[in-house]
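Notes for the structure review
Each chain is listed here by its residues.
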Amino acid sequence: MPDHVSLFGAGAWGLALANHLAEHCPVLVWGRDPMAVASINGQHSLEHYLPHISLHHAIAATTFPPLHLADINFELFYRQRQEAANQPDQASPTIVTGK
C-alpha cells in the first residue's frame, strides 16, 4: 500500500473508495464543489452522497488540483457512470503508480 493516495472525484463512489483506503493511509480527495469539500473536511461526512456515513479521519478534501504531481505516488482516475455510458471504451478506472 502506498504511503498516501490522491483520488479525483468526491462523489459517492470516490468517497466510498477513499473511506476504505483511508484505513491504510492518508487520502486526498479532489472535488469540484466547495461546499462538499468543506463538509468532508469539517464534518467528515457528505450526506448528499453517503447519508449516515462517517468518513475516516485520514481523508482530506480540496478543490485545488495540484500544480504538479511530483509528491504523489498513487493516483486513481475514474469516470462517472453517466459519462462512461457515452464512452464505453473509457469506462474503466485508470491507476497510475510511481516512486
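The coordinates are above.
In this report, the structure presented in the accompanying data block is examined. Only a predicted model underlies this, so the values are computations on that prediction, with no experimental measurement involved. (Residues numbered from 1 in each chain as written. Predicted model: local features only at pLDDT ≥ 70, side-chain atom pairs only at ≥ 80, totals over all residues. Heavy atoms only, no water.)

1. Let's talk about the overall build of the protein chain
Per the secondary structure count, the protein chain includes three helices and five strands. Scanning the protein chain from its N terminus toward the C terminus, one meets helices and strands in the order β-α-β-α-β-β-α-β. Taking all 99 residues of the protein chain together, the buried fraction comes to 36%. The long-range share in the protein chain, meaning contacts at least 24 apart out of those at least 6 apart in sequence, stands at 53%. On the protein chain, roughly 6,400 Å² of surface is accessible, and the fraction owed to carbon and sulfur atoms is 58%. (Helix = DSSP H or I, 4+ residues; strand = E, 2+ residues; numbered from the N terminus. Buried < 20%, exposed > 50% of the residue type's maximum accessible area, 1.4 Å probe, protein only. Contact = heavy atoms within 4.5 Å. Areas by Shrake-Rupley, 256 points an atom, 1.4 Å probe, with all protein chains shown as cover.)

2. Focus on the environment of Leu7
Relative to the assigned elements, Leu7 resides in strand E1 (residues 5-8). Accessibility expressed as a relative area gives 0% for Leu7, which makes it buried. For the pair formed by Leu7 and Leu17, sequence separation is 10 residues and the distance between their alpha carbons is 8.8 Å.

3. Details of helix H1 (residues 12-21)
Listing the buried residues of H1 in full gives Gly14, Leu15, Ala18, Asn19 and Leu21. For H1, the angular spread of the buried residues around the axis is 165°, confining them to a single face. For H1, the secondary structure elements touched by its buried residues are E1, strand E2 (27-30), helix H2 (34-43) and strand E3 (59-62). (Arc of directions from axis to C-beta.)

4. Describing the environment of Ala18
Tracing the backbone shows Ala18 in helix H1. Sequence separation of Ala18 and Ala60 is 42 residues, and the distance between their C-alpha atoms is 9.5 Å.

5. Some thoughts on the packing of aromatic side chains
What the rule picks out here adds up to one aromatic pair. Here the aromatic rings of Phe8 and Trp30 are separated by 4.3 Å at their centres, their planes lie at 50°, and the arrangement is tilted. With a gap of 22 residues between them, Phe8 in strand E1 and Trp30 in strand E2 connect regions that are remote in the sequence. Accessibility expressed as a relative area gives 23% for Phe8, which makes it partly exposed. (Phe/Tyr/Trp six-rings, centres within 6.5 Å; stacked < 30°, edge-to-face > 60°.)

6. Structural notes on the nonpolar core
Leu15, Val27, Val29, Ile40, Leu55 and Ile59 are the most contacted members of the largest nonpolar core, which totals 19 residues. Taken together, the elements giving at least two residues each to this core come down to E1, H1, E2, H2 and E3. Non-local contacts of Leu15, meaning those with residues more than four positions away in its chain, are made with Gly9, Ala10, Val29, Ile40, Leu46, Leu50 and Leu55. (Core = buried A, V, L, I, M, F, W, Y, C linked by side-chain atoms within 4.5 Å.)

7. Focus: H2
Those residues of H2 not exposed but buried are Ala36, Val37, Ser39 and Ile40. In a view along the axis of H2, the buried residues occupy a sector of 160°, so they form one face of it. Facing away from the buried side of H2 by over 90 degrees, the exposed positions are Pro34, Met35, Gly42 and Gln43. The elements touched by buried residues of H2 are H1 and E3. If you check the start of H2, you find a side-chain oxygen 2.9 Å away from the backbone N of Met35, and it comes from Asp33. Directly after H2, the chain includes His44, whose backbone phi takes a positive value near 50°. (Polar contact = N/O pair within 3.5 Å; in protein donor to acceptor, adjacent residues only side chain to side chain.)

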